[in-house]
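# Per-entry structural report
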Amino acid sequence: MKYSRRWGIIRITKAKILEEIKRTAAANDGKALGIARFKRETGITSWDWLKFWPRFSEAIREAGYTPSVFSTGHDEAELLREYVAFVRELGRIPSRGELIVRSYAKPGFPCYRTFYRWGEQPKLIERVATYCRTQSGLEDVLGLCAAYTPRRPGYECGSNGEKLLNGFVYLIKSGRFYKIGKTNAPGRREYELAVQLPHRAVQIHTIETDDPIGVESYWHNRFRDKRRNGEWFLLCIRDVRAFRKWKKIA
């Protein structure tokens, strides 16, 4: 059984994940699937199991199986292949925010957190470069890795190269509707909206991040079916709770 990717429709419990690990393992000659194949077979993503285990291997062990060394290696290689393909599509090294948006927008693409198993961005790029050196035909990606320069603290780059200060992605309610936007001064933005809107604007939550463009895009994509006008959305309580779970993304 595959689960819908539409957020909030199905709540996937820890017991259900363990049940699916056992079911798919039974259909795979008693061997637990790796992360990528498990996601393809069940529709259960890293977003689901990371609520209960820091690593998928721990979920496999709790289900009563031994993680395969081969499967772990295969998952790592598949993870790097997905990353390399995305680098080629963009023509540059993606930001964390771009990985977040991609993981939601493209079915089967790994959760962005899995790319940081090797550490923060410089460590990730180092691992990608090592992978490229072992493969033929990846000289273009290797060149992008070699040219990568860590961003200056306090700044981030948007898709068009613009530089913005670290900032916030906010959720504000006015009347029945919610606005999701980005700013480097959430209190000021609430005041500016208050003088423009017929209903009182109330700040619900803010997410501090070094990639406000990417994080804002993620939430706009996640709630795209509930968009009413511009950055305004008609959200339910469950949507608001999901937004408020995000505290800080650095």
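Calculation criteria
Along each chain, numbering runs from 1 in the same order as the chain's sequence is written. With the structure being a predicted model, the display of local features is reserved for residues of pLDDT at least 70 and the display and counting of side-chain atom pairs for 80 or more, all residues being used for whole-chain, interface and lining totals. Side-chain numbers come from the whole structure's heavy atoms, not from hydrogens or water. Where helices and strands are cited, they refer to DSSP runs of H or I of at least four residues and of E of at least two residues respectively, numbered from the N terminus. Each residue is placed in one exposure class: buried if its accessible area under a 1.4 Å probe, protein chains only, is under 20% of its type's maximum, exposed if it is over 50%, and partly exposed if it falls in between. Here, two residues are considered to be in contact whenever any of their heavy atoms come within 4.5 Å of each other. Note on areas: Shrake-Rupley, 1.4 Å probe, and residue coverage restricted to the protein chains presented here. Aromatic rings from Phe, Tyr and Trp, with only the six-membered ring used for Trp, were paired whenever their centres fell within 6.5 Å, and each pair was classed as stacked if the ring planes differed by under 30 degrees, edge-to-face if by over 60, and tilted otherwise. Counting rule for disulfides: a pair of cysteine sulfur atoms within 2.5 Å. A score between 0 and 100, pLDDT records how confident the predictor is in each residue. Within this document, salt bridges are pairs made up of a side-chain nitrogen of Lys or Arg and a carboxyl oxygen of Asp or Glu, the two lying within 4 Å of each other. The directions considered for the arc run from the helix axis to the C-beta atoms.

Once that is clear, we can look at the overall build of the protein. The helix and strand inventory of the protein stands at eleven helices and eight strands. Buried positions account for 44% of the 250 residues belonging to the protein. Excluding contacts between residues fewer than 6 apart, the proportion of contacts in the protein whose partners are at least 24 apart in sequence is 62%. Carbon and sulfur atoms provide 51% of the accessible area of the protein, an area that totals close to 13,700 Å².

Attention now moves to the packing of aromatic side chains. All told, the structure shown has seven aromatic pairs when counted by the stated rule. On the numbers, 5.2 Å between centres and 45° between planes, the contact of phenylalanine 38 with phenylalanine 56 is tilted. Taken together, the positions of phenylalanine 38 in helix α2 (residues 35-42) and phenylalanine 56 in helix α4 (residues 56-62) put the pair 18 residues apart, joining distant regions of the chain. No difference in accessibility class separates phenylalanine 38 from phenylalanine 56, as the two residues are buried. A centroid spacing of 4.9 Å and a plane angle of 50° characterise the contact between tryptophan 219 and phenylalanine 243, whose relative ring orientation is tilted. In this pair, tryptophan 219 sits in helix α10 (residues 212-222) while phenylalanine 243 sits in helix α11 (residues 237-244), placing the two residues 24 residues apart along the sequence.

Our next topic: the state of the cysteines. Tallied over the full model, the rule gives zero disulfides. With no disulfide of its own, cysteine 145 has cysteine 132 as its nearest cysteine by sulfur position, at a separation of 5.1 Å.

Right, let's get into the confidence of the model for the protein. Averaged over every residue, the pLDDT of the protein is 78; the share at 70 or more is 78%. At the low end of the mean pLDDT range in the protein sits strand β1 (residues 155-157), at 46; at the high end sits helix α1 (residues 14-26), at 93. The model gives residues 4-9 a pLDDT under 50, and that stretch makes 13 contacts with residues more than four places away or in other chains. Scored below 50 in pLDDT, residues 153-164 makes 25 contacts in the model with residues more than four places away or belonging to other chains.

Side-chain pairs of opposite charge can arise where the charged atoms are in close proximity. Considering all chains together, one arrives at ten salt bridges under this definition. The residue glutamate 41 makes a salt bridge to arginine 37 at a minimum N-O spacing of 3.9 Å. With glutamate 41 and arginine 37 both in helix α2 and four residues apart, this pair spans about one turn of that helix. Glutamate 41 gets classed as partly exposed once you look at its relative accessible area, which sits at 38%. The class of arginine 37 is partly exposed, set by a relative accessible area of 35%.

A separate point is α2. Ile35, Phe38, Lys39 and Thr42 are the residues of α2 that are buried. Looking down the long axis of α2, one finds its buried residues gathered within 100° of arc, a one-sided arrangement. Among the residues trailing α2, glycine 43 stands out with phi positive, at a value near 85°.

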